Amino acid sequence: MSANLPHTATDLTPSHPLLRPWLARPFPAVMGILNVTPDSFSDGGRFNAPERAVAQARSMIAAGADIIDIGAESTRPYKGAEPVTAEEELARLRPVLPEIVALGVPVSIDSMKSQVVGYALEHGARIANDVWGLQRDPGMAEIVAAHSVPVVVMHNRASVDPDIDIIDDMLGFFARSLDIAAKAGIAAGNIVLDPGIGFGKTAEQSMIALARLDAFARFRLPLLVGASRKRFISSVVTSEPQERLGGSIAAHLIAAQRGAAIIRAHDVAETVQAVRVAASIEALR
């Protein structure tokens, strides 16, 4: 698989020590999604009880997850997510974070609130994942910089505009995020870019972003792609979120071929198997 990538790990900006082993492999790391929320688009309510959340984290680790990404507020990319206060988000997070951190696999905190990210990083999380790319909460960049951790900077839009050039929009967004990061003192090697599949995009724009991931190679930063169960899949083959495993795997294999270093997925075992088998086949070309 690595033979087809637009860049290799040696082409990237020298990365945070946590990221380096994943970047050196011929297949992407897999980030397992753990939503401790009642309203996430695919699995809302399934893991908001602490014992179920910890059990799911254990299951994903056993299946090969390299990272567990915990979210305590739905950031579903469609209408219907209910905003919650930082206090409510923390109330959902506190019962599960210590036990999941203790499992020994790096934990990522998926939050757009610097207060929540700061709490999680102080209690063992090792990666920040901001769906607004450091551009919504003015304290986010400073919190990330203070902890010297990797941060996932995701592209997002407040509304969908089918008439824009989505790649140009993403390039401009990432440039702004990187400027914010630099001013806050975040090392360039701590940043991972996420095209934000499904967020502020039409189904076609999400697929364009996947098809043209190599457009972001100019930033010399690792890419994370999370296409898992997203609605664009249903625009090709009508399906409910739980019926989109095939489409998710297809999108993630294309992302891996185009340079994604991390894949964010609900279905960890199937994703791990897919990316590793594909890489093994490519190695024999």
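Criteria and thresholds
Residues numbered from 1 in each chain as written. Predicted model: local features only at pLDDT ≥ 70, side-chain atom pairs only at ≥ 80, totals over all residues. Heavy atoms only, no water. Salt bridge = Lys/Arg side-chain N within 4 Å of Asp/Glu carboxyl O. Helix = DSSP H or I, 4+ residues; strand = E, 2+ residues; numbered from the N terminus. Buried < 20%, exposed > 50% of the residue type's maximum accessible area, 1.4 Å probe, protein only. Arc of directions from axis to C-beta. Contact = heavy atoms within 4.5 Å. Core = buried A, V, L, I, M, F, W, Y, C linked by side-chain atoms within 4.5 Å. Pairing = 2+ DSSP bridges. Phe/Tyr/Trp six-rings, centres within 6.5 Å; stacked < 30°, edge-to-face > 60°.

1. A short note on the pattern of salt bridges
- One pass over the structure, following the stated rule, counts ten salt bridges.
- A salt bridge links R264 to D69; the nearest nitrogen and oxygen atoms lie 2.8 Å apart. Taken as a pair, R264 in strand 8 (residues 260–265) and D69 in strand 2 (residues 67–71) lie far apart in primary sequence, 195 residues in all. As far as burial versus exposure is concerned, R264 and D69 are alike and both buried.

2. Some words on helix 3 (residues 86–93)
- Taken together, the buried positions of helix 3 are A86, E89, L90, R92 and L93. On an axial view of helix 3, the arc spanned by its buried residues comes to 160 degrees, and they lie on one face.
- Of the surrounding secondary structure, the elements contacted by the buried residues of helix 3 are strand 2, helix 4 (97–101), strand 3 (107–110) and helix 5 (114–122).

3. A few points about the nonpolar core
- In terms of nonpolar packing, the biggest core is built from 68 residues, with L34, I70, L93, I100, I186, F216 and V225 touching the most fellow members.
- A total of seven residues in this core trace back to one element, the largest contributor, which is helix 7 (residues 166–184).
- Core analysis: the second largest hydrophobic core is formed by 14 residues, L12, L18, L23 and I262 among them.

4. Some thoughts on the pairing of strand 3
- Where burial is concerned, the two faces of strand 3 agree: the one with V107 and I109 and the one with S108 and D110 are both buried.
- Taken together, the four bridges between strand 2 and strand 3 define a ladder with parallel strand orientation. Bridge assignment links I68 to a residue of strand 3, and that residue is V107.
- Pairing between strand 3 and strand 4 (residues 127–130): three bridges, direction parallel. Paired with S108 across the bridge in strand 4 is I127.

5. Side note on the packing of aromatic side chains
- Considering all chains together, one arrives at three aromatic pairs under this definition.
- Each ring, one from F173 and one from F174, has its centre 6.1 Å from the other, and the planes form 80 degrees; the classification is edge-to-face. Each of the two residues, F173 as well as F174, counts as buried.
- Relative to F216, the ring of F174 has its centre 5.7 Å away and its plane inclined at 90 degrees; by these criteria the two rings are edge-to-face.

6. Comments concerning the environment of R264
- The buried category is assigned to R264, whose relative accessible area is 16%.
- Here the alpha-carbon distance between R264 and I33, two residues 231 residues apart in the chain, equals 6.7 Å.
- Among all residues touching R264, those that are not within four sequence positions of it are M31, I33, D69, D110, N129, L224, V225, G226, A227, S228 and H252.

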